[in-house]
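Each chain, written out:
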Amino acid sequence: MFVSYKWLQDYVDLSGMTATTLSDKITKSGIEVEGVEKKSEGLKGVVIGHVLEREQHPNADKLNKCLVDVGGESPVQIICGAPNVDKGQKVAVATVGAVLPGNFKIKKAKLRGEESNGMICSLQELGIESRLIAKDYATGIFVFPNDVEVGQDALSVLGLDDEVLELGLTPNRSDCLSMLGVAYEVGAILGREVKWPEITKEASAEKATDFIQVKVEASEDNPLYVAKVIKDVKIAPSPLWMQTRLMAAGIRPHNNVVDITNYILLEYGQPLHAFDYDRLGSKELVIRKAHAAEKITTLDDVERELASDHLVITNGTEPVAIAGVMGGANSEVQDDTTTVIIEAAYFAGTVVRKASKDHALRSESSARFEKGVDPNRVREAGERAAQLISQYAGGTVLEGSVEVDTLTIEPAVISITLEKINKLLGTSMTVSEVESIFTRLQFGVSVDNETFTVTVPTRRGDITIEADLVEEAARMYGYDNIPTTLPTGTVTPGHLTDYQQKRRKARRTLEGAGLYQAITYSLTSKNKATQYALDVRESVALAMPMSEERSQLRLSIVPQLLEVVKYNNARQLDSLALYEIGSVFLKQDGEQLPEEREHVAGAITGLWESNPWQGEKKSVDFYVAKGVLEALFDTLGLTEQIDYRQSEKEGMHPGRTAEVLLNGDVIGFVGQVHPTVQKELDLKETYVFELSFKAMAEAAVAPIQYSAIPRFPSITRDIALVVDATTVAGDIQKIIAEAGGKLLKEVSIFDLYEGERMEPGKKSLAYSLKYFDPERTLTDEDVTKAHEKVLAAVKEKAGAELRG
Amino acid sequence: MQERLQELQAEALQKVAEASELKELNDIRVAYLGKKGPITEVLRGMGKLSAEERPKMGALVNVVREEIASKIEEKQQVLEEAAVHAKLAVEKIDVTLPGRPVNKGNHHPLTRVIEEVEDLFIGMGYTVAEGPEVETDFYNFEALNLPKSHPARDMQDSFYITEETLMRTHTSPVQARTMEKHKGQGPVKIICPGKVYRRDNDDATHSHQFMQIEGLVIDENISMSDLKGTLEVFAKQVFGKEREIRLRPSFFPFTEPSVEIDISCKICGGKGCSVCKGTGWIEVLGGGIVHPNVLEMAGFDSKKYSGFAFGIGVERIAMLKYGVDDIRHFYTNDVRFLTQFNRHES
Ligand SMILES: [Zn+2]
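Residues numbered from 1 in each chain as written. Chains lettered and ligands numbered in written order. Predicted model: local features only at pLDDT ≥ 70, side-chain atom pairs only at ≥ 80, totals over all residues. Heavy atoms only, no water.

For the rest of this paragraph, the subject is the overall build of chain B. Of regular secondary structure, chain B possesses 12 helices and 9 strands. At 43 Å, chain B has a C-alpha radius of gyration far larger than the 20 Å of a compact globule built from 346 residues. By principal-axis analysis of the C-alpha atoms, chain B measures approximately 135 × 45 × 45 Å. Restricting to contacts in chain B with at least 6 residues of sequence separation, those with at least 24 account for 67%. Where the 44 positive side-chain charges of chain B centre and where its 53 negative ones centre are 5 Å apart. (Helix = DSSP H or I, 4+ residues; strand = E, 2+ residues; numbered from the N terminus. Rg over C-alpha atoms; globule rule 2.2 N^0.38 Å. Contact = heavy atoms within 4.5 Å. Lys, Arg positive; Asp, Glu negative; His and termini not counted. Charge placed at Lys NZ, Arg CZ, Asp CG, Glu CD.)

Put into structure tokens, the structure is as follows:
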């Protein structure tokens, strides 16, 4: 809402307040003033001039040579290019020495050999936006009414000696979508009265009801409809002061009748509509829900198809307006209109909202209806409009109005105790402090033993419950005056859940291992959404995405991390170690919401270790990635429950990928990105993993139980085994661990040999086995017994021979 | 015989003094003091002496032996020390060369902010509540006093999936779900961090995905002054002890009264600068007293209970705290950005 500082003074005394100090006070009390625009910023030396003579420039077709009286001793010659300049006009003249917006200084000049002492200005040249300039002057200079005084400051005539406050209104404060509403707010802040416009009625012999009948067939959506009739109207431009006020508020002037309806919209917050009575095609207005597929051509010359939940004004047969949104072209006020019907109505917000949304027509009117207008101003707004039309368009207002009224207006009456206010705010206001706040707001208030009974004016439809009154009290009392305390009361233990603690531990471990946390988008393309998914399903799609690239919810994180790797690689950042913990989204049959499963994923590429001056470097390989996972499982106490299984997965290197199993269930994978994919994405050798963190965090973990530090020495035996080349180390390890019995405490591989010294199809694996008994010193015999069982088992189960 | 001994002693001591290596010294020891050495030979020749002279000579032999042995010992220590020194001199390295790099990673700056805030509130008795990122219209809007027709819905253009489900536009639905679980029984003290989504084009100050932390306290006797105090603790912890806060009236459908909370500008200390647009204050939070409709919808008796709620934009905090000038940095994951947040900051 744009509020002219000068206009506001019609309703509330602003003496002692500059626009800036007023803005600060308004902001502090709850409505943010987003800016104060000084209309005359960058403007100087523009006066009203009278074009005494105009003739064609002798040397230029498109230029005019004008003699203009600018109130000086003698008229001056000005060359003007505007097509509409003519003798006898009153115009705005930027005299020599004047400054126009953009620091454009007016100097004496010669144009094609003719002297020019100034410039005749269009409104654009005076800094007014083109969209706000009446059509007649859109492409030329502005012509003033004849009664303006020559030599006068043109800026004040145009209302540019004003400042405009831009209010950022929250949806609850639609009461301030009107000058009167703002006046009440300012009046409350300053403790000053609000003056209403005076409405004078002249008696007329003819009655409105003789001209028109109104029938409302949808009274729930339209509980109040008032029609005023004004005849013998002469359509012309509205008075200049009205035009300038409309422009300051951001509305383009049209003609006197339309301008007056807009003026009232700004003054009262009540949207009005004017019909040309003679073009209506009937003597009745019927307000009803539209028929499905019914059509109307609106004022903007667009034919629109209506739906049965749109409210329309009809002439009994066809629609003449979409209620609260836009009038129809068929009944539009035009230059030859003589009889006008002014509609002042109360339309329900929902029905207006529906139509304005469906037709993508958001107007000053629809915005106000949607948020709710003050039902008590409807009639008065209509009366005031009728009066202004008779005043400025020369019409006669017919006696009375035609009304359909099923509206029950009951102002909210809310009781609240002083204690409640102070308890909710933590303040210690007194009865009289609170009472004075309600009085300043011009709410009805009575006090009985510290209980306030407040009658809220209908203009403040946002106030319906106690809490709303508490807010009014708080903002008028001032938030700076509210004390600072901390909640007392029940003591609650603060903590993270077990799951949250595990997540933090997982992060620490991954970061300790050298990985940086990335956060990527959950929304991705259809193609990427399902790549590398652990659980392949159709992705969840947005109904109306902003782009294909962000149209689906991801089922995996790896594709997003590969994007990050690609981005960094493209910037010469080759060694990367990244992880992300975040949700993936799985569509569920028969469920409204997808399952959100937290995953942990990582991408590692480039050098893992690098210490160049010592000549050491090591590239990332499968075992680096696996080592990171082992550390993670160890941190979470899952090592014993985890298995790896060679596996093939789309997009992954078929020989360098493992499924990760938790208690036999696949929970993810680790491995190298398939070389083809690497090439497509322009990546170097990159290793990735993705696991269901949810599964990991939910797996049962035994509590930590101390086991005694061994007091007796251990005995280590190493064995080198020859096995088939296809045998996997993990299997041998398992066989050894099982066969070794209680005494075997540790098995670790220390050599793998697949070289030419081996028989074809064979390889050698060497293990170190550590035996000990917590109760006694082991003898060689004990160990040999256990060790032989191991050898027998590997031979029997894996065909392994001791390497000679 | 005596003379011979003295000669040997002088000779041996001379050699000891001249020895420059441990091996040489050992040779001297073997040569003079060994079983085949000259002194042993002298001892053997003692048989020819008289019974009176024998003990005298024996004593003299011992004195000579001990003298030589002790000098060897002394010299040995000197040579050993020298050998150690020589070895250490050879082992000298250039300590200014860089150390062996240790791999280290770290949190994303947004996680850093979230954990700092979580820990602060956990210390004040809060628990951390989480919820789904895809929400029902009910929890995202209706349970928060935003019925379908509410005009404030325009304020948050959302990503709908179906008519009834959408990407949550704030973490407030977690508050609604938590309240519901409490079945009308206070107290509730939670903070809810998480990702949220709005229909915004990504640019320097907008992101279609971003993070929020919301807080909610419900108990008997919770007041606006408690919110003010709590957020003052927050401001001082996160932005520094010197910070002050200011409340301005505002509007949110789920709180009444509603406030916006400004924090005094850290850059200029409140005098006014470009970061705070000359006001000395920076808008960081929104909050207020929980709307009685929200309490009632979740099963709390609004006559008995009251509460406050607040919401913080995590990116906004990180941007202010670390001077980040483009919100997209948080989601691009350029490692030159990520690696800037891996150290402690007091
Ligand atoms: Zn500042």
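Scanning chain A from N- to C-terminus turns up 20 helices and 42 strands. Here the C-alpha radius of gyration of chain A, 42 Å, is well above what a compact globule of 804 residues would show, namely 28 Å. Overall, chain A is about 130 × 85 × 55 Å in size when its C-alpha atoms are taken along their principal axes. When the 804 residues of chain A are sorted by exposure, 52% land in the buried category. Long-range pairs, those at least 24 residues apart, make up 68% of the contacts in chain A with a sequence separation of at least 6. For chain A, the accessible surface area stands at approximately 36,800 Å², while carbon and sulfur atoms represent 48% of it. Each charge class in chain A was averaged separately, 89 positive and 120 negative side chains, and the resulting centres sit 4 Å apart. (Buried < 20%, exposed > 50% of the residue type's maximum accessible area, 1.4 Å probe, protein only. Areas by Shrake-Rupley, 256 points an atom, 1.4 Å probe, with all protein chains shown as cover.)

With that out of the way, let us pick up the interface of chain A and chain B. In many analyses, interface size is given as the accessible surface area lost on bringing the parts together. In this assembly, 89 residues from chain A lie in contact with 92 residues from chain B. For the pairing of chain A and chain B, the buried interface totals around 7,400 Å² over both sides, and the portion due to carbon and sulfur atoms is 56%. Connecting chain A to chain B are 8 salt bridges. Glu115 of chain B serves as the salt-bridge partner of Arg504 of chain A, at 3.6 Å between the closest nitrogen and oxygen. Our count for the contact surface shared by chain A and chain B stands at 42 residue pairs in polar contact (both at pLDDT 80 or more). (Buried area = accessible area lost by both parts, 1.4 Å probe. Salt bridge = Lys/Arg side-chain N within 4 Å of Asp/Glu carboxyl O. Polar contact = N/O pair within 3.5 Å; in protein donor to acceptor, adjacent residues only side chain to side chain.)

Inspection of the entire model under this criterion finds 3 cavities of 30 Å³ or more. Surrounding the largest cavity, 13 residues form its lining, Gly30, Asn172, Arg173 and Arg475 of chain A together with Ser250 of chain B being those nearest its centre. Breaking the lining of the largest cavity down by element, the ones donating at least two residues are helix H12 (466–477) of chain A together with strand E6 (245–252) of chain B. Of the residues that constitute the lining of the largest cavity, the class distribution is 2 nonpolar, 5 polar and 6 charged. (1 Å grid on protein atoms, 1.4 Å probe; cavity = no way out; pocket = protein on both sides within 12 Å on 5 of 7 lines; lining within 4 Å. Points joined across faces, edges and corners; volume = space filled by probe spheres on them. Nonpolar A, V, L, I, M, F, W, Y, C, P; charged D, E, K, R; others polar.)

Attention shifts here to the coordination of the zinc ion. Reference values for coordination geometry: four tetrahedral donors around a metal ideally subtend 109.5 degrees, six octahedral donors ideally subtend 90 or 180 degrees. Residue and element names in this part refer to chain B. Those donors, Cys265 (SG), Cys268 (SG), Cys273 (SG) and Cys276 (SG), are the protein atoms that reach the zinc ion, and they lie 2.2 to 2.3 Å from it. Sequence spacing of the donors to the zinc ion: C-x2-C-x4-C-x2-C. For Cys265, a relative accessible area of 0% gives the class buried. Here Cys268 falls in the buried class, since its relative accessible area comes to 13%. (Donors = N, O, S within 2.8 Å, 3.2 Å for Na, K, Ca; no water.)

Right, let's get into the side chain of Arg245 of chain A. Residue and element names in this part refer to chain A. Inspection of the secondary structure assignment puts Arg245 in helix H5 (residues 240–248). The class for Arg245 is buried, based on a relative accessible area of 18%. Side chain to side chain, Arg245 and Asp10 meet in a polar contact 2.9 Å long. The contact partners of Arg245, leaving out residues within four places of it in the chain, are Trp7, Asp10 and Tyr263.

Here we come to the packing of aromatic side chains. Evaluation of the coordinates by the stated rule reveals 25 aromatic pairs over all chains. Taking the centre distance of 5.4 Å and the plane angle of 55° together, the rings of Phe211 of chain A and Tyr277 of chain A count as tilted. Placement of the pair is Phe211 of chain A in the loop between helix H4 (179–190) and strand E13 (213–216) and Tyr277 of chain A in the loop between strand E15 (272–276) and strand E16 (284–289), with a sequence separation of 66 residues. Residue Phe211 of chain A is classed as buried on the basis of its relative accessible area, which comes to 16%. Since its relative accessible area comes to 8%, Tyr277 of chain A is described here as buried. For the pair Phe138 of chain B and Tyr139 of chain B, a centre-to-centre distance of 5.1 Å together with 75° between the ring planes defines the contact as edge-to-face. Of the residues examined, Phe138 of chain B reaches a relative accessible area of 36% and is grouped as partly exposed. (Phe/Tyr/Trp six-rings, centres within 6.5 Å; stacked < 30°, edge-to-face > 60°.)

One broad rule of soluble globular proteins: the nonpolar side chains tend to lie buried together. Ranked by internal contacts, the top residues of the largest apolar core, which has 158 residues, are Leu8 and Leu22 of chain A together with Phe234 of chain B. In terms of residues, this core owes the most to one element, H4 of chain A, which gives 9 residues. Those residues within four positions of Phe234 of chain B in sequence are excluded, and the remaining contacts are Val117, Leu120, Phe121, Phe239, Ile263, Leu285, Ile312 and Ile317 of chain B. (Core = buried A, V, L, I, M, F, W, Y, C linked by side-chain atoms within 4.5 Å.)

The domains assigned to chain B are domain 1 (2–91) and domain 2 (109–341). Distance from the C-alpha centre of domain 1 of chain B to the C-alpha centre of domain 2 of chain B: 90 Å. (Domains from an automatic or database assignment.)

Turning our eyes to something else, we now look at the pairing of strand E6 (residues 90–100) of chain A. Residue and element names in this part refer to chain A. Buried residues dominate E6, accounting for 8 of its 11 residues. Of the strand pairs in this sheet, strand E3 (residues 44–56) and E6 are connected by 6 bridges, and their pairing is antiparallel. What sits directly across from Lys44, in E6, is Val99. Pairing of E6 with strand E10 (residues 119–120) involves 2 bridges; the strand directions are antiparallel. Among the inter-strand pairings, Ala94 is bridged to a residue of E10, identified as Met119. (Pairing = 2+ DSSP bridges.)

Attention shifts here to a negative patch on the surface. A cluster of acidic residues, Glu73, Glu74, Glu80 and Glu81 of chain B, forms a negative patch on the protein surface. In this structure Glu73 of chain B comes out as partly exposed when scored by relative accessible area, which is 42%. (Patch = residues over 30% accessible without salt bridge, like charges linked within 9 Å, V, L, I, M, F, W, Y side chains within 5 Å.)

This paragraph deals with unusual backbone geometry. The omega torsion of the bond from Gly186 of chain B to Pro187 of chain B falls at -5°, within 30 degrees of zero and hence cis. Structurally, Pro187 of chain B can be placed in the loop between helix H7 (172–182) and strand E4 (188–197). Between Glu256 of chain B and the following residue, Pro257 of chain B, the backbone shows a cis peptide bond with an omega angle of -5°. Within the element layout of this structure, Pro257 of chain B appears in strand E7 (residues 255–264). Of note in this structure, Gln442 of chain A is not a glycine but carries a positive phi near 60°.

Residues and elements named next belong to chain A. When you line up the elements, Val3 lands in strand E1 (residues 2–4). Among the residues examined, Val3 registers a relative accessible area of 1% and is labelled buried. Not counting chain neighbours up to four residues away, the residues in contact with Val3 comprise Leu8, Glu163, Val164, Leu165, Leu167, Met179 and Val182.

Attention now goes to the sheet that holds strand E41 (residues 762–771) of chain A. Residue and element names in this part refer to chain A. An order of E40-E41-E39-E42 is seen for the 4 strands of this open sheet, with the pairing classed as antiparallel. With partners counted over all chains shown, the strands left at the sheet margins are strand E40 (744–753) and strand E42 (801–802), one partner each. Sheet analysis places strand E39 (residues 715–724) next to E42, joined by 2 bridges and oriented antiparallel. Paired with Val722 across the strands is Glu801, a residue of E42. The strands that helix H19 (residues 729–739) touches are E39, E40 and E41; relative to E41, the one it contacts most, it runs at about 35°. Across the face of the sheet, helix H20 (residues 780–798) comes into contact with E39, E41 and E42 while running at roughly 15° to E39. (Axes fitted to C-alpha atoms, helices over the stretch in contact; angles between N-to-C directions.)

Attention now goes to the packing of helix H10 (residues 418–425) of chain A against H12 of chain A. When two helices pack together, their arrangement is given by the angle between the helix axes and the distance between those axes. All names here are of chain A. Look at H10 against H12: their axes get within 10 Å of each other, and the N-to-C directions meet at 70°. When the interaxial angle is binned, H10 and H12 end up roughly perpendicular. Read as a crossing pair, H10 and H12 show a hand that is right-handed. In this structure, H10 contributes Lys420, Ile421, Leu424 and Leu425 to the contact, and H12 contributes Glu466, Val470, Ala473 and Ala474. Considering only residue class, the contact of H10 with H12 consists of 6 nonpolar, no polar and 2 charged. (Parallel < 35°, antiparallel > 145°, perpendicular 65-115°, else oblique. Left-handed = near helix turned anticlockwise from the far one by under 90°.)

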